[in-house]
Amino acid sequence: MAKSPRKLAVERYLAKPLAARPGLSQRLAAALLPPLLMGVLVVIAYIWTRSGLETHRQFLMPTLEGLWTRAFSKPEVLGQLFNAAVTTLSIALAGLAISIPIGMLLGVVMFRFRVMERAIFPYLVALQSIPIPAIIPLLQSALGFGFLPKVLIVALFTFFSIPTTLLLGLKSVDRSIIDLFRLQKAGWPTMLIKAGFPSAAPTLFAGLRISAGLAVIGAIVSELFFLSGPGGLGQMLINAKIDFKYEQMYAALLVSSVLSISVYLLFSWLGNRLFSEWHESGGR
Amino acid sequence: MVDAVSMVFPDGTKALDKVTLAIKPGEFVSLIGPSGCGKSTLLRIAAGLESHTSGDVWVDRDSLGYTFQDATLLPWRKVLANVELLMELRGFDPAERRRIALEQIELVGLSGFENHYPRRLSGGMKMRASLARSLALNPAVFLFDEPFGALDEITRERLNDELIALYTVQKFTGLFVTHSIPEAVYLSTKVVVMSKRPGRIVASFDIAFPEPRSPELRYSSGFAEMCGEISLALRNAMEG
């Protein structure tokens, strides 16, 4: 005799009609509201912390009003901020102009000659592990107080990620793409230019973004040690402390982060422009 | 033409054991064998991508076409630039390579997709672009390393038919590595069965069906019989 079929607990699944695509204002709100609310929370936390300070220490945290009246509303302070930002930016970019080509050259050399990789890589790691501010006094003694030592400091700050990410990218080129070039008896410079660099570019750009952010930090750190020459943001920070102008110090701090973020965003944007069409990391 | 070729990997693994295989111009030979039997290695040796450790190989390297297991398109180049790549490496004149590339793209049925990046193409379309890229050099000898292995059955059969059409037009000599017996029988004038590692040639079948082959052949009893015979040989090869 056939067994009677088992009882089934049948459940009804409800259809889920497609929701209407949210309008522009809704999407903007969804994108902007969370960071805005977080910002408001930070400001509230700032005001609350300040109100907890003893009165004679409240200068450490200037009010928003003070920041406006004593810094951002004053044309001479704005001019100073602008000049300082340009100086810092030029140190940062000059540093990158040294570290990027040398770093890339080193990456290519390490890729081409395995023995060079073995020889150089440990020292790259060693270089990375030196706290760079610790060698600034030495650089000062050797090179004086001009533009060059600051640029070198930025170069040291930003160097590491360039050869390492380029090397990683070059090593990750699809084996069969290399075979494809070998079948046509392509020389290694051809392979490097037509397969290596394009294939490694997204990885390299990840490194460049890190370096770009570090470049501004490196420039400001270098200035903290050098109180001569055209003043950048770092020098402005120190001077504001000496002159007891904490509003200006905060203004310089804000401009520093804006500068750092802008350089980072510039490289991100550049990377997106170059790769979003074909790379998996790109948009839809 | 490959004579008594052996190949031992540096770690001591013996990949190929005295394989002798001569392919005459105009022949289309399929190599079939268990996984890891050295079929692909033999193909790579023939292409000069790998060195054999003893024996002799004679191949006209300058007129060689090669397709890989995947399409191997450069993801940063659009289809057109991908199809032009090999001609570019060979130093063709830019106008000439543009003309040939467009011709080949049309031949493999990819017209309209010249300006697409590979990531926007389906697996079958990528393979077509890859074929077009190789065909652009008008190779006299064409080596295929399981080119359709990653595709679904429907796409694979369609590409088999397209490959036959291309073969009929371009008259290349083919060496085709595959895991699929029907594919081997359908495409080839000869099917060679290899043993498990170290790879040796254990059986060879002439496939005498008239050319050009048409899809109806797949449903004929002769075709099924041939597939059965090769299947049996392959089974013996795996045990022996």
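How should I be thinking about the overall build of chain A in this particular structure?
Along chain A, the regular secondary structure elements total 11 helices and zero strands. Across chain A, helices and strands are ordered from the amino to the carboxyl terminus as α-α-α-α-α-α-α-α-α-α-α. Its C-alpha atoms give chain A a radius of gyration of 27 Å, clearly above 19 Å, the size a compact globule of 284 residues would have. Put simply, chain A has 284 residues, and 31% of those count as buried. Put simply, of all contacts in chain A between residues at least 6 apart along the chain, 75% involve residues at least 24 apart.

What's the story with the nonpolar core in this structure? I'm lost.
Most often, soluble globular proteins keep nonpolar side chains buried together rather than apart. Counting 69 residues, the largest nonpolar core has Leu31(B), Ala132(B) and Leu143(B) as the members making the most contacts within it. With six residues, helix H4 (residues 123–135) of chain B is the largest single contributor of residues to this core. Counting only domains with at least three residues in this core, you end up with domain 1 (1–60 + 144–240) and domain 2 (70–139) of chain B. With sequence-adjacent residues up to four places away left out, Ala132(B) is seen in contact with Val83(B), Gln104(B), Ile105(B), Leu107(B), Val108(B) and Leu110(B). Residues Ala71(A), Ile100(A), Leu233(A) and Val263(A) belong to the second largest nonpolar core, which totals 47 residues.

I'm lost on the sheet that holds strand S7 (residues 173–178) of chain B in this one. Help?
Sheet strands pair via backbone hydrogen bonds, and the direction of the pair is either parallel or antiparallel. All names here are of chain B. Read from one edge to the other, the open sheet built from six strands follows the order S5-S6-S7-S3-S8-S9, with strand pairing classed as mixed. Of all the strands in the sheet, just strand S5 (64–67) and strand S9 (201–206) have a single pairing partner and so form its edges. If you compare each strand with its neighbour and ignore which way they point, the axes differ by 15° on average. Pairing geometry for S5 and strand S6 (residues 141–145), over four bridges, is parallel. Considered in S6, the bridge of Leu 64 is made with Val 141. Its contacts with the sheet put H4 on S5 and S6, and the angle it makes with S5 is roughly 170°. The strands touched by helix H7 (residues 221–239) are strand S3 (28–32), strand S8 (190–194) and S9; relative to S8, the strand with the most contacts, the crossing angle is about 20°.

Any chance you could explain the packing of helix H10 (residues 233–242) of chain A against helix H11 (residues 246–275) of chain A here in plain terms?
A pair of packed helices can be characterised by two numbers: the angle between their axes and the separation between those axes. All names here are of chain A. Between H10 and H11, the shortest axis-to-axis distance is 8 Å and the interhelical angle comes to 160°. It follows that H10 is roughly antiparallel to H11 by the angle criterion. Handedness of the crossing formed by H10 with H11: left-handed. For the pair H10 and H11, contact is made by Leu 233, Met 236, Leu 237, Ala 240 and Lys 241 and by Tyr 246, Gln 248, Met 249, Ala 252, Leu 253, Val 255 and Ser 256, respectively. The residue inventory of the contact of H10 with H11, partitioned by class, reads nine nonpolar, two polar and one charged.

Which parts of the structure should I look at to understand the interface of chain B and chain A?
How large an interface is tends to be reported as the accessible area lost when its parts come together. Contacts between chain B and chain A engage 15 residues on the former and 16 residues on the latter. Looking at the side of chain B that touches chain A residue by residue, the classes come out as 11 nonpolar, one polar and three charged.

Which parts of the structure should I look at to understand H10(A)?
Since there are 3.6 residues in each turn of an α-helix, residues three or four apart along the chain are aligned in direction. Turning to H10(A), its buried residues are Leu233(A), Gly234(A), Gln235(A), Met236(A), Leu237(A) and Ala240(A). The inward-facing, buried residues of H10(A) abut helix H3 (75–112), helix H9 (188–225) and H11 of chain A.

What am I meant to see in the confidence of the model for chain B here?
Interpretation of the predicted coordinates at a detailed level should be avoided for regions scoring low in pLDDT. Residues and elements named next belong to chain B. Considering every residue of chain B, the mean pLDDT works out to 85; 94% of them sit at 70 or more. Across chain B, the element-wise mean pLDDT spans from 55 in strand S1 (residues 2–8) up to 92 in helix H2 (residues 79–89). If you check the scores for this complex, the pTM reads 0.80 and the ipTM reads 0.85.

Just to check I follow, could you spell out the domain arrangement of chain B for this structure?
Residues and elements named next belong to chain B. Entries for chain B in the domain assignment read domain 1 (1–60 + 144–240) and domain 2 (70–139). Of note, the centres of domain 1 and domain 2, computed from C-alpha atoms alone, are 25 Å apart. Looking at the side of domain 1 that touches domain 2, its residues break down into seven nonpolar, two polar and one charged.

Just to check I follow, could you spell out the packing of H9(A) against H10(A) for this structure?
Residues and elements named next belong to chain A. Where H9 meets H10, the axes come as close as 7 Å, and the angle between the chain directions of the two elements is 45°. Regarding the angle of H9 to H10, the classification is oblique. Here the hand of the crossing between H9 and H10 comes out right-handed. Residue-level contacts link Ile 220, Val 221, Glu 223 and Leu 224 of H9 to Leu 233, Gly 234, Gln 235 and Ile 238 of H10. Split into classes, the residues belonging to the contact of H9 with H10 amount to five nonpolar, two polar and one charged.

Analysis parameters
- Residues numbered from 1 in each chain as written.
- Chains lettered and ligands numbered in written order.
- Predicted model: local features only at pLDDT ≥ 70, side-chain atom pairs only at ≥ 80, totals over all residues.
- Helix = DSSP H or I, 4+ residues; strand = E, 2+ residues; numbered from the N terminus.
- Rg over C-alpha atoms; globule rule 2.2 N^0.38 Å.
- Buried ≥ 20, exposed ≤ 12 C-beta atoms within 10 Å, placed from the backbone.
- Contact = placed C-beta atoms within 7 Å.
- Core = buried A, V, L, I, M, F, W, Y, C linked by C-beta atoms within 7 Å.
- Domains from an automatic or database assignment.
- Pairing = 2+ DSSP bridges.
- Axes fitted to C-alpha atoms, helices over the stretch in contact; angles between N-to-C directions.
- Parallel < 35°, antiparallel > 145°, perpendicular 65-115°, else oblique.
- Left-handed = near helix turned anticlockwise from the far one by under 90°.
- Nonpolar A, V, L, I, M, F, W, Y, C, P; charged D, E, K, R; others polar.
- pLDDT = per-residue confidence, 0-100.

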